[in-house]
Amino acid sequence: MSMVRVLVGTRKGAFVLTADGKREKWEVSGPHFAGWEIYHLKGSAADPNRIYASQSSGWFGQIIQRSDDGGKTWQQPGTPPGEVVEAAGPPKAVSNKFVYDTTAESGKPLTTHQWYDGTQHPWEFKRVWHLEPSLTDPDTVYAGVEDAAIFRSTDGGQNWQELSGLRGHGTGPEWQPGAGGMCLHTIILDPSNPQRMFIAISAAGAFRTDDGGKTWKPINRGLKSQYIPDPNAEIGHCVHHIAMNPKRPDVLFMQKHWDVMRSDNAGDNWTEVSGNLPTDFGFVIDVHAHEPETIYVVPIKSDGEHFVPDGKLRVFRSRTGGNEWEALTKGLPQKDCYVNVLRDAMAVDSLDKCGVYFGTSGGQVYCSADAGDSWNPIVRDLPAVLSVEVQTLT
Amino acid sequence: MIRLILPPHLRTLARVSGDVELEVAGPVTQRSILDALEARYPMLRGTIRDHVTLERRAFLRFFACEEDLSHESPDAPLPEAVASGKEPFIVIGAIAGG
């Protein structure tokens, strides 16, 4: 019997929601790491019981947590499960050391980036926004961080090494923080080419590596952003999220600050596919697991009003790869609703009828077990949801 | 023996309850206390002071003997009452939102 496990990161802890393949009756566990901000959790495709979590706090900084039993128990990587220094003793090792690599051998000098007022500001590590486990090795995981950079661990999350070619790309002084900070929030691994990765930064844009992370190329041609004077600017775009169907890795879909975009050549060029959306501002975007031209967004009113328009929570679906969109409303509140859906808070499962999931700033997590035709809340009253991931377990 | 009081979230991470008691070698200072704490509880590295600069995280304060010592030099000797274990050294989170 198939199962799904939904991993929910919130402002005040993590929750794990499980159901069988019908996706009707749910068990909720949590809060894990109560009181901490959980920006993201994600399971390994190579070992579904291996889950990584980013736990952070303005007071205490960044912690990495890992589960080896599907989210039942957690540890800071570095302490073998069940092994402690003394009775009820502490973990044995550090797993939260994210230090920009400035060494002569493998690093790049620490430069500055643009600050909100246009002055230059030092690069400072703040938190991990996104964890992307390797598709093949449970012990390898990538971390997208604020201030923007990408790190990799090859020992299960204990030690982290920056892939400094991205931060040292040379355009760093032109990168600038969005309202949420200067975060690297999207990491997509190409299943057909282990040397290729895509990342996105607010507000620098999208980048691609074709050599396993050594060098990076901006892939922002075709993006237009009204807050950038140069209409052909290579850098500075506030990309909110990118999605890919793993079966068609050259086709990417993007929710930019404003505009929904697609690329058919791995990001080399982008075209706008906002079409008949009521507003093309938003954060999330995702692709149907089995229909690579079926995509989902949740339009948000504007950059100044971060909630759904007209008090109606509507997912919009395009079955044509963009431009033509239909509102999906069955089971979603259509009156007096003013929630937001953040960039990492939508996911799809890979069951036969593709399941679609998203979480809101109001603490609801919705599930559609029929590709978006109808929706049901799994939970209604969690803390504000920061991220949603789903694992399909067979 | 030095007595150290940690905020609840750090006690959870370190898997301790109540005060932490530490042997501190040499002069008792903020630095020597935190060095001893982090040697015994390595996963607390980075949560009280920065990994690299070792500067106190902005939203944490250091109190002892009813005084805020947060802005004292990390190498300044702490009061004798802390060094003798009569009074605790307190790491406390600043009031800053929910």
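See the structure above.
What counts, and where the lines are drawn
Residues numbered from 1 in each chain as written. Chains lettered and ligands numbered in written order. Predicted model: local features only at pLDDT ≥ 70, side-chain atom pairs only at ≥ 80, totals over all residues. Contact = placed C-beta atoms within 7 Å. Helix = DSSP H or I, 4+ residues; strand = E, 2+ residues; numbered from the N terminus. Nonpolar A, V, L, I, M, F, W, Y, C, P; charged D, E, K, R; others polar. Core = buried A, V, L, I, M, F, W, Y, C linked by C-beta atoms within 7 Å. Buried ≥ 20, exposed ≤ 12 C-beta atoms within 10 Å, placed from the backbone. Pairing = 2+ DSSP bridges. Axes fitted to C-alpha atoms, helices over the stretch in contact; angles between N-to-C directions.

Turning our attention to the interface of chain A and chain B. Listed by partner, the interface residues are 20 residues for chain A and 18 residues for chain B. Among the elements that line the side of chain A that touches chain B, the one with the most residues is strand β6 (residues 61–67) of chain A, at 3 residues. Tallied by class, residues from the side of chain A that touches chain B come to 9 nonpolar, 9 polar and 2 charged.

A few words now on the nonpolar core. Where a protein is soluble and globular, its nonpolar side chains tend to be buried together. Grouped together as the largest cluster of nonpolar side chains are 134 residues, with contacts concentrated most on V6, V8, I199, I242, Y357, V365 and V388 of chain A. Sequence-distant contacts of V388 of chain A, defined by excluding residues within four places in its chain, comprise V6, V8, A345, M346, A347, Y357, F358, G359 and V365 of chain A.

Residue and element names in this part refer to chain A. Of note, the amide linkage connecting E146 to D147 takes the cis form, showing an omega dihedral of -10 degrees. Here D147 shows up in the loop between β10 (141–146) and β11 (149–153). Put simply, S202 and A203 share a cis peptide bond, and its omega is -5 degrees. Looking at the element boundaries, A203 is found in the loop between β14 (197–202) and β15 (205–209).

Looking now at the sheet that holds strand β5 (residues 89–93) of chain B. All names here are of chain B. Pairing is mixed in the open sheet, where 5 strands are placed in the order β2-β1-β5-β3-β4. Both edges of this open sheet fall to β2 (20–22) and β4 (67–68), since each of them pairs with a single strand only. Relative to β2, strand β1 (residues 2–5) is paired through 3 bridges, and the arrangement is antiparallel. When the bridges of β2 are listed, R3 appears paired with E21. In the packing of helix α2 (residues 30–40) onto the sheet, the strands contacted are β1, β2, β3 (60–64) and β5, and the crossing angle to β2 comes to about 110 degrees.

In this section: the environment of V8 of chain A. All names here are of chain A. Following the sequence through the fold, V8 ends up in strand β1 (residues 3–10). Each C-alpha atom of the pair V8 and Y39 lies 9.1 Å from the other, and the pair is 31 residues apart in sequence. In contact with V8, not counting residues within four places along its chain, are A14, F15, L17, G359, V365, L382, V385 and V388.

As a further point, take the pairing of strand β17 (residues 239–244) of chain A. All names here are of chain A. In terms of burial, β17 is largely enclosed, as 6 of its 6 residues are buried. Alignment of β17 against strand β18 (residues 252–256), held across 5 bridges, turns out to be antiparallel. Across the sheet, the residue bridging to V239 is K256, located in β18.

Bringing the sheet that holds strand β22 (residues 295–300) of chain A into the picture now. Residue and element names in this part refer to chain A. Strands sit in the order β21-β22-β23-β24 across an open sheet of 4 strands; the sheet is antiparallel. Single-partner strands in this sheet number two, and they are β21 (281–287) and β24 (326–328). This sheet shows a mean twist of 30 degrees between the axes of neighbouring strands, independent of strand direction. Two elements, strand β23 (residues 315–318) and β24, share 3 bridges in a ladder whose sense is antiparallel. Residue pairing across strands places F316 opposite A327, the latter belonging to β24.

That's the geometry; what it means functionally is another story.
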